[in-house]
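Coordinate inspection notes
Next come the chains, spelled out residue by residue.
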Amino acid sequence: RAGADEHARVLGAAARIVRAHADELADCIVAETAKPRTEALSNELYAAVDHATWLAKHAARVLRDERLRFPQLHLKTKKAWLVREPFGVVASITPWNIPFGIPFAQVATAIAAGNAVVLEPSERRNGVGTVMVLARPKPLAVSGAAKRR
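Before going into details, it helps to say that this report is about the structure given with it.

Thresholds applied
Residues numbered from 1 in each chain as written. Predicted model: local features only at pLDDT ≥ 70, side-chain atom pairs only at ≥ 80, totals over all residues. Heavy atoms only, no water. Patch = residues over 30% accessible without salt bridge, like charges linked within 9 Å, V, L, I, M, F, W, Y side chains within 5 Å. Areas by Shrake-Rupley, 256 points an atom, 1.4 Å probe, with all protein chains shown as cover. Salt bridge = Lys/Arg side-chain N within 4 Å of Asp/Glu carboxyl O. Helix = DSSP H or I, 4+ residues; strand = E, 2+ residues; numbered from the N terminus. Buried < 20%, exposed > 50% of the residue type's maximum accessible area, 1.4 Å probe, protein only. Axes fitted to C-alpha atoms, helices over the stretch in contact; angles between N-to-C directions. Parallel < 35°, antiparallel > 145°, perpendicular 65-115°, else oblique. Left-handed = near helix turned anticlockwise from the far one by under 90°. Contact = heavy atoms within 4.5 Å. Nonpolar A, V, L, I, M, F, W, Y, C, P; charged D, E, K, R; others polar. Phe/Tyr/Trp six-rings, centres within 6.5 Å; stacked < 30°, edge-to-face > 60°. Pairing = 2+ DSSP bridges. Right-handed = clockwise from strand over helix to strand, strands pointing away. Expected span 1.5 Å × (residues − 1).

**Here we look at a nonpolar patch on the surface**
On the surface, Trp-54, Val-62 and Leu-63 cluster together to form a nonpolar patch covering roughly 250 Å² of accessible area. With respect to the secondary-structure elements, Leu-63 resides in helix α3 (residues 37-63).

**A word on the pattern of salt bridges**
One pass over the full model with this rule turns up 5 salt bridges. Across the pair Arg-9 and Glu-6 runs a salt bridge whose closest N-O atoms are separated by 2.9 Å. Of this pair, Arg-9 and Glu-6 are both found in helix α1 (residues 4-20), 3 residues apart, which corresponds to roughly one turn of the helix. With a relative accessible area of 24%, Glu-6 lands in the partly exposed category. The partner of Glu-66 in a salt bridge is Arg-84, and the shortest N-O contact between them spans 3.1 Å. Remark: Arg-84 occurs in the loop between β2 (80-82) and β3 (89-93) and Glu-66 occurs in strand β1 (residues 66-68); sequence separation between them is 18 residues. One continuous salt-bridge network, built from bridges that share partners, spans Asp-23, Asp-27 and Arg-37.

**Points about the packing of α3 against helix α4 (residues 101-112)**
It is the contact of α3 with α4, at a shortest axis distance of 9 Å, that shows an interaxial angle of 15°. Between α3 and α4, the angle falls in the class roughly parallel. Of the two possible hands of crossing, α3 and α4 adopt the one that is right-handed. Contacts between α3 and α4 pair Glu-44, Ala-48, His-51, Ala-52, Leu-55, Ala-59 and Leu-63 from the former with Gly-101, Phe-104, Ala-105, Ala-108, Thr-109 and Ala-112 from the latter. Of the residues belonging to the contact of α3 with α4, the class tally is 9 nonpolar, 3 polar and 1 charged.

**Section: the packing of α1 against helix α2 (residues 22-33)**
At a minimum axis distance of 5 Å, the contact between α1 and α2 shows a crossing angle of 75°. Classed by the angle they form, the pair α1 and α2 counts as roughly perpendicular. In this structure, α1 uses Val-18, Arg-19 and Ala-20 to contact α2, whose residues at the interface are Ala-22, Glu-24 and Leu-25.

**Here we look at unusual backbone geometry**
For Ala-34, which is not a glycine, the phi torsion comes out positive at approximately 65°. With respect to the helices, strands and loops of the structure, Ala-34 is situated in the loop between α2 and α3.

**Looking at the packing of aromatic side chains**
Scanning all chains against the criterion turns up 1 aromatic pair. Aromatic side chains Phe-100 and Phe-104 sit 5.2 Å apart centroid to centroid with 20° between the ring planes, which places their arrangement in the stacked category. You'll find Phe-100 and Phe-104 in the same group, each marked buried.

**Topic: the pairing of β3**
Inspection of the sheet shows β3 paired to strand β4 (residues 116-120) by 5 bridges, in the parallel sense. Bridging across to β4, Ser-92 finds its partner in Leu-119. This β-α-β element, β3 to α4 to β4, shows right-handed connectivity.

**Topic: the environment of Ala-8**
Of note, Ala-8 is situated in helix α1. For Ala-8, a relative accessible area of 21% puts it in the partly exposed group. Measuring from C-alpha to C-alpha, the distance between Ala-8 and Ala-56 comes to 4.1 Å, with 48 residues separating the pair along the chain.

**With respect to α4**
Along its 12 residues, α4 runs 16 Å from first to last C-alpha, staying within 8% of the 16 Å computed at 1.5 Å per residue. Where α4 is concerned, the buried positions are Gly-101, Pro-103, Phe-104, Ala-105, Val-107, Ala-108, Ala-110 and Ala-112. The positive-phi residue at the C-terminal boundary of α4 is Gly-114, with phi of around 90°.

What follows is the structure, encoded as C-alpha cells:
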C-alpha cells in the first residue's frame, strides 16, 4: 500500500501533466461544453491543478491521526484517537457541465486519502474524462466500457 509521500508524488505528477497539456484539455472542454476558453482554463484546469497541488502539500497533515480530548470531567482519564483510513475503492460519477474540474478534484482527493477510484464520466460529455484517464501518471486498469468510448 502506498504512503502519503507516494500519493503526493502522484498528485504532483498529475498537476504537471495537466499544466503541460492545458491547451489540448481546454480545447476538449470547449468542444464538449461550448464554454469560453478562458472559463475552461480558469474554472476547470487551473482550479484542478491548484486542488491537486494543495493536496500534495497538505493531505498528510490533514489526514493524520488526531488525539481527541474530552471536555467532560468523567472522561478526562480516557484516551481516544480519530483515525482516518481509506475506504478502499471510491466511485466518482461526474456531471456533464463541469467535465474536468469536478472529476479531477474527486479523483485527486480520493488518491490523497489512499483510495482507488472508479471514474464514470458523464455519458453526455465523456471525452474529457477519457483524456483524464489516458493522461494519468501511472498505469491503471481501464474497464471494457472505457475502452469502447
